[in-house]
Amino acid sequence: MAFWSAALDYVPREAPTAAWVVLTPRVGSGPNLSLDKHRSVPQLPPRIHLDLYTSDQPREIERLFGLGARPVDWPRPAGADFVTLEDPEGNRFDVVQLP
């Protein structure tokens, strides 16, 4: 919860329960993000992942590293506009450079 709250600037919609939390944008509107609060083994390749779009990919990646994200070492396709990272629990996501 801490990583995704900081990464997306989201806050809990209601008080977290022992089982889960729903995060919502701190300001404005946008999709909610529901997180189960239990450990599981990350599936590779993941069944689903988030794409985070940014106009300054290197800066955003450094910010996410500061929050606990880690790089994923895998061969990216030539010319890819994304970098794959994983959150502190090993869930993968992409940081995509906007045109």
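Residues numbered from 1 in each chain as written. Predicted model: local features only at pLDDT ≥ 70, side-chain atom pairs only at ≥ 80, totals over all residues. Heavy atoms only, no water.

- Per an unreviewed UniProt entry, the protein is named Glyoxalase-like domain-containing protein, and its organism is Mycobacteroides saopaulense.

## Structural notes on the packing of aromatic side chains
Link 1 in the chain: Inspection of every chain in the model, using the stated rule, returns four aromatic pairs.
Link 2 in the chain: On the basis of an interplanar angle of 85° and a centroid distance of 5.0 Å, the ring pair of Phe3 and Trp4 is categorised as edge-to-face.
Link 3 in the chain: Among the residues examined, Phe3 registers a relative accessible area of 8% and is labelled buried.
Link 4 in the chain: On the accessibility criterion, Trp4 (9% relative accessible area) is buried.
Link 5 in the chain: When the ring of Phe3 is compared with that of Phe93, the centres are 5.9 Å apart and the planes differ by 50°; the resulting orientation is tilted. (Phe/Tyr/Trp six-rings, centres within 6.5 Å; stacked < 30°, edge-to-face > 60°. Buried < 20%, exposed > 50% of the residue type's maximum accessible area, 1.4 Å probe, protein only.)

## What about the UniProt feature "domain: Glyoxalase-like" (unreviewed entry) in the protein?
Link 1 in the chain: Those residues carrying the UniProt feature "domain: Glyoxalase-like" (unreviewed entry) are residues 2-96 in this numbering.
Link 2 in the chain: The span residues 2-96 is 19% helix and 32% strand, and its two end C-alpha atoms sit 22 Å from each other. (UniProt positions renumbered as here; feature names shortened; annotations may be inferred. Helix = DSSP H or I, 4+ residues; strand = E, 2+ residues; numbered from the N terminus.)

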